[in-house]
Number of protein chains: 2
Amino acid sequence: MKRLAATVLGLGLGLGLLSACQPVLRGTGDLGLVVERADGRLMVVENSTSTKLASVSGLGDLSHAALVYSRDQRFAYVFGRDGGLTKVDILSGAIAGRVMQSGNSIGGAISQDGSLVAVANYTPGGIKVFDAATLEQVADIPAIGADGKASKVIGIADLSGRRFIYSLYDAGEIWIADLTDPKAPRLTKHTNIGKLPYDALITGDGRWYLAGLFGEDGIALLDLWNPDKGVKRILDHYGKGKEALPVYKMPHLRGWAVAGDEVWLPAIGHHQVLVVDKGKWTEKARVDVAGQPVFAMARPDGKQVWVNFALPDYSKVQVIDTQTKTVIKTLEPGLAILHMEFTAKGERVWLSARDSDKVVVYDTETLAPVAELPAVKPSGIFFTSRAGKTGL
Amino acid sequence: MKRLAATVLGLGLGLGLLSACQPVLRGTGDLGLVVERADGRLMVVENSTSTKLASVSGLGDLSHAALVYSRDQRFAYVFGRDGGLTKVDILSGAIAGRVMQSGNSIGGAISQDGSLVAVANYTPGGIKVFDAATLEQVADIPAIGADGKASKVIGIADLSGRRFIYSLYDAGEIWIADLTDPKAPRLTKHTNIGKLPYDALITGDGRWYLAGLFGEDGIALLDLWNPDKGVKRILDHYGKGKEALPVYKMPHLRGWAVAGDEVWLPAIGHHQVLVVDKGKWTEKARVDVAGQPVFAMARPDGKQVWVNFALPDYSKVQVIDTQTKTVIKTLEPGLAILHMEFTAKGERVWLSARDSDKVVVYDTETLAPVAELPAVKPSGIFFTSRAGKTGL
């Protein structure tokens, strides 16, 4: 009897400990988040065996939401369209903090050292910077252009040493904010860079910042290793002489792909992907594709570029071989493919099929589907391998 | 009294739970291991605030030890000089498994999908392949060269799709083992690649495999996107016409640095680092340095290359600016600098000073030391950000 009691007690304690020890101890290298945009919810997933681990609700308006990871990969900072900045603990599947920081945010970045999170705002414009640990606001930097007006901010990325780079949509400027001393941010401004920069990217090495210009045919380029040389224009009038097509969806430039010494980018309004020589910054080739490209993303080894499309072709995905510069396969993974995310070493890619309410996983060698996860109106997919990469 | 008892009980339970819940729940993105070679011990460290978290003992002979990480970053697979393969749980700071797999191992690799760990052996030569979860041996592939003799294996790296590439030191061959079906490995052999390949690397994109030839002045190069073109020789006779210096320590090729479109590599026996055009594979420049280089490692952004040296200059470290190709600083961080490891985004570098019994952390912008950790005869330093990278 005594023995039984001890066993029962042991069992009870065991269960108690188990439950107290939740969430499970595990590495964070193969984790990720999938945005369920309509419900303001995130799915926590792992990509080793393609399973869902948890759901996190209460994130507000997640249409067009983006996120970045803490340097230890435990936390995600989610930038919501409602101006909410939410810190999510992906190991416990819980919200660790949330602030309403503006009226309308479009993206953000985390500093190289992981200490600061910067949010780029549409309304009222400018950036706000927060302590990554506490979400306490440490800086508020309006974006008043040379024209004296407040501007939307887009295309924000982290640079070395607590610096952020971003573009002023309305003013046509590129700014760098140095927050070495968060109480006294130092600003460097490049003005007259061109009309309406709509998105931007930084190359993975942190050297080249490219802002796509919606107001004119071309790209503004800044060499961050030689910023004194200023912003120059590349691919000027790349659409010249062609009939301009209505633009159904703005391409995303963070999806621009760097493969070896080539940059692959969606030609806005055209059914083409442009191949640009990295370094010379001249057009090298064009590849015809099935629709208006939205994301052109390189498999991590640069051997393939995967492309998704705007309406009405947004249920197709095309795979381009970068050596031959030809489309090697057209896939139809589901309805309304909004985003693609490669695993760290690139053996698989996850695709969100919004109108099929699922995420589909493809093997990137066989180009065949290998797994599927139900998800409610999925959009962005973000794996933790982004934590170690500049600009992601 | 009842209340007090309940409090005490609660406290007891709380402590019990805490202890049962050890180790602490945390992300693994900023973790790493430092080899304490003389004591067969590893230090578990984190690089956000530069602290030691735990020690793991009982790993056998760790002189010249190397390791790779599981794709979830929780486990390290440590390749010991005594032929031991040890699986270490870095979250709990404990050994999760250990097998004696050969007489003498020099390194290993983990497959792209994380399912297989391959060990390259000196004695008796060849590779052995293990299940990454259980450490059960799944394949044993001898390295019998075209000359009919067993060969040491060096320079092993993971390729796409459960394949490994490695070089046969004695036979002068490069082999690729495809373990899609581990019971029936398929081998592709490139023979007559040159004399005595002593180490090799694969570029981060997985495209180029370079094996340094100790038996002759030059490098064997294989384009893995076009393997039918075979192995070609590059940098033939790069030391020609110069007085050959005695080689105090073989350079490590895994440390070869790819910075933009340049590959930086230690010139064996010479006080120089070579700069090679990536793609054309011709020599572009040479930079004179303070001694015989061992590692030439690029900061993740490619803007700097850090170099350490063989005896008698092994207490110096030089920092080269890759744009100007000049040494911008000579550091003396401690005695006998054996290894260097950058944080994922490159804001800091950790250096092991074996004979000073410490690890020193430098800020890579100011080039000043910012932290120091005591360590007993430290050698290799490995951060978990390697988990997502091909060839590391």
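Since this is a predicted model, take the numbers as computed values, not measurements.

Procedures and definitions
- Residues numbered from 1 in each chain as written.
- Chains lettered and ligands numbered in written order.
- Predicted model: local features only at pLDDT ≥ 70, side-chain atom pairs only at ≥ 80, totals over all residues.
- Heavy atoms only, no water.
- Core = buried A, V, L, I, M, F, W, Y, C linked by side-chain atoms within 4.5 Å.
- Buried < 20%, exposed > 50% of the residue type's maximum accessible area, 1.4 Å probe, protein only.
- Contact = heavy atoms within 4.5 Å.
- Phe/Tyr/Trp six-rings, centres within 6.5 Å; stacked < 30°, edge-to-face > 60°.
- Helix = DSSP H or I, 4+ residues; strand = E, 2+ residues; numbered from the N terminus.
- Lys NZ or Arg CZ within 6 Å of the ring centre and 35° of its normal.
- Least-squares fit on C-alpha atoms with pLDDT ≥ 70 in both.
- Buried area = accessible area lost by both parts, 1.4 Å probe.
- Salt bridge = Lys/Arg side-chain N within 4 Å of Asp/Glu carboxyl O.
- Polar contact = N/O pair within 3.5 Å; in protein donor to acceptor, adjacent residues only side chain to side chain.
- Nonpolar A, V, L, I, M, F, W, Y, C, P; charged D, E, K, R; others polar.
- Pairing = 2+ DSSP bridges.
- pLDDT = per-residue confidence, 0-100.
- Axes fitted to C-alpha atoms, helices over the stretch in contact; angles between N-to-C directions.

Q: Would you take a moment to explain the nonpolar core for this structure?
A: Across soluble globular proteins, you tend to see nonpolar side chains buried next to one another. Counting 37 residues, the largest nonpolar core has Ile 127, Ile 156, Tyr 166, Leu 210, Leu 235 and Trp 281 of chain A as its most contacted members. Apart from the residues lying within four places of it in its own chain, the contact partners of Tyr 166 of chain A are Ile 127, Ile 141, Val 153, Ile 154, Gly 155, Ile 156, Glu 173, Ile 174, Trp 175, Ala 177, Leu 187 and Tyr 209 of chain A. Judged by nonpolar contacts, the second largest core, of 19 residues, contains Leu 221, Tyr 238, Val 276 and Trp 281 of chain B.

Q: Where do I start with the packing of aromatic side chains in this structure?
A: Counted by the stated rule, this structure contains 12 aromatic pairs over all chains. Measuring from centroid to centroid gives 6.3 Å for Tyr 166 of chain B and Trp 175 of chain B, while their planes differ by 50°, and the two rings are tilted. We note that Tyr 166 of chain B, like Trp 175 of chain B, is buried. Between the aromatic rings of Trp 306 of chain B and Tyr 362 of chain B, the centroid separation amounts to 6.4 Å while the plane-to-plane angle is 70°, which identifies the pairing as edge-to-face. Remark: Tyr 362 of chain B occurs in strand S30 (residues 358–363) and Trp 306 of chain B occurs in strand S25 (residues 304–309); sequence separation between them is 56 residues. Members of the aromatic cluster, connected to one another through ring pairs, are Trp 306, Phe 342 and Tyr 362 of chain A. Cation over ring: Lys 87 of chain A sits above Phe 75 of chain A, and NZ or CZ is 4.5 Å from the ring centre.

Q: What is the right way to look at the relation of the copies chain B and chain A in this model?
A: One chain copy maps onto the other through a rotation about an axis and a shift parallel to that axis. Each copy of the sequence occupies a distinct position, and chain B is placed on chain A by a rotation of 180° and an axial shift of 0.0 Å, giving an RMSD of 0.0 Å. The relationship between the two copies is best expressed as a two-fold rotation axis. A high fraction, 98%, of the interface residues of chain B reappear at the interface in chain A, so the copies pair face to face through one surface.

Q: Could you clarify how one ought to interpret the interface of chain B and chain A in this entry?
A: Where interface size is given, it is often the accessible area lost as the parts come together that is meant. Contacts between the two partners involve 45 residues from chain B, matched on the other side by 44 residues from chain A. Together chain B and chain A conceal approximately 3,500 Å² of surface at their shared face, both sides included; 55% is due to carbon and sulfur atoms. Where chain B packs against chain A, one counts 4 salt bridges. Where chain B packs against chain A, one counts 20 residue pairs in polar contact (both at pLDDT 80 or more). A total of 5 residues in the side of chain B that touches chain A trace back to one element, the largest contributor, which is helix H1 (residues 2–21) of chain B. Of the residues that constitute the side of chain B that touches chain A, the class distribution is 12 nonpolar, 18 polar and 15 charged.

Q: Can you walk me through the environment of Gly 125 of chain B in this structure?
A: All names here are of chain B. Summarising the element assignment, Gly 125 is placed in the loop between strand S9 (116–123) and strand S10 (127–131). Under the relative-accessibility criterion, Gly 125 is labelled buried at 12%. Gly 125 sits 50 residues away from Phe 75 along the chain, and the two C-alpha atoms are 26 Å apart. Those residues within four positions of Gly 125 in sequence are excluded, and the remaining contacts are Ser 151 and Lys 152.

Q: Mind showing me how you'd approach unusual backbone geometry here?
A: Cis geometry is adopted by the peptide bond preceding Pro 124 of chain A, which originates at Thr 123 of chain A and carries an omega value of 10°. Looking at the element boundaries, Pro 124 of chain A is found in the loop between strand S9 (116–123) and strand S10 (127–131). We note that Leu 235 of chain A has phi near 50°; this positive angle belongs to a residue other than glycine. Unlike most non-glycine residues, Ala 336 of chain B shows phi in positive territory, near 65°.

Q: Honestly, the pattern of salt bridges in this entry has me stumped. Any pointers?
A: Opposite charge on two side chains allows them to pair when their charged atoms are near. In this structure the tally under the stated criterion is 42 salt bridges over all chains. Between Asp 89 of chain A and Arg 74 of chain A there is a salt bridge, and its shortest N-O distance comes to 2.8 Å. Of this pair, Asp 89 of chain A sits in strand S6 (residues 84–89) while Arg 74 of chain A sits in the loop between strand S4 (66–69) and strand S5 (75–79), and the two are 15 residues apart along the sequence. Linking Asp 158 of chain B and Lys 345 of chain A is a salt bridge whose minimum nitrogen-to-oxygen distance equals 3.0 Å.

Q: Got a minute to help me understand the pairing of S4 of chain A in this structure?
A: Side-chain positions along a regular strand alternate between the two faces of the sheet. Residues and elements named next belong to chain A. Two strands pair when backbone bridges link them, and S4 and S5 are joined in this way by 4 bridges, in the antiparallel orientation. Along S5, the bridge assignment pairs Leu 67 with Val 78. Connecting S4 to the next strand, S5, in antiparallel fashion are 5 residues, including Gln 73 with a positive phi near 70°.

Q: I tried to follow the confidence of the model for chain A on my own but got confused; where do I start?
A: Low-pLDDT stretches of the model should not have their predicted coordinates read in fine detail. Across chain A, the average pLDDT comes to 90, with 90% of residues at 70 or higher. For the stretch residues 1–21 of chain A, pLDDT sits under 50, and the model shows 8 contacts to residues farther than four places along the chain or on other chains.

Q: Help me understand the environment of Asp 170 of chain B, please; the structure alone is not making it clear to me.
A: Residues and elements named next belong to chain B. Positionally, Asp 170 belongs in the loop between strand S13 (163–168) and strand S14 (173–178). On the basis of relative accessibility, which here comes to 37%, the residue Asp 170 falls in the partly exposed class. Separated by 102 residues in sequence, Asp 170 and Gln 272 place their C-alpha atoms 27 Å apart. Excluding residues within four positions of it along the chain, Asp 170 makes contact with Ala 150, Ser 151, Lys 152 and Leu 196. Side-chain polar atoms of Asp 170 contact the backbone nitrogen of Lys 152, separated by 2.7 Å.

Q: Before we go on, may I ask you to explain the sheet that holds strand S23 (residues 283–288) of chain B in this structure?
A: Residue and element names in this part refer to chain B. In space, the 4 strands of this open sheet follow the order S20-S21-S22-S23, with antiparallel pairing throughout. In this open sheet, the two edge strands, each paired with only one partner strand, are strand S20 (257–259) and S23. Averaged over all adjacent pairs, the angle separating strand axes in this sheet is 25°, with direction ignored. Note: strand S22 (residues 272–277) against S23, 5 bridges, orientation antiparallel. Residue pairing in the sheet places Gln 272 in a bridge with Asp 288 of S23.

Q: Where do I start with the environment of Thr 384 of chain A in this structure?
A: Residues and elements named next belong to chain A. Relative to the helices and strands, Thr 384 is located in the segment after strand S32 (378–383). The exposure class of Thr 384 is buried, given its relative accessible area of 0%. C-alpha of Thr 384 to C-alpha of Tyr 69: the two residues are 315 residues apart in sequence and 6.6 Å apart in space.

Q: Quick question: what am I supposed to make of the sheet that holds strand S6 (residues 84–89) of chain B here?
A: Where strands meet in a sheet, backbone hydrogen bonds hold them as pairs that are either parallel or antiparallel. All names here are of chain B. Strand order in the open sheet made by the 4 strands is S4-S5-S6-S7, with antiparallel pairing throughout. Of all the strands in the sheet, the pair left with one neighbour each is strand S4 (66–69) and strand S7 (94–100). Taking each pair of neighbouring strands and ignoring which way they run, the sheet shows an average axis angle of 20°. Strand direction decides the pairing type here: strand S5 (residues 75–79) and S6, joined by 5 bridges, are antiparallel. Within S6, the position partnered with Val 78 by the bridge is Thr 86.

Q: Mind showing me how you'd approach the pairing of S32 of chain A here?
A: All names here are of chain A. Buried residues dominate S32, accounting for 6 of its 6 residues. Bridge count between strand S1 (residues 31–36) and S32: 4 bridges; the pairing is antiparallel. In the strand pairing of S32, Leu 33 is matched with Phe 382.

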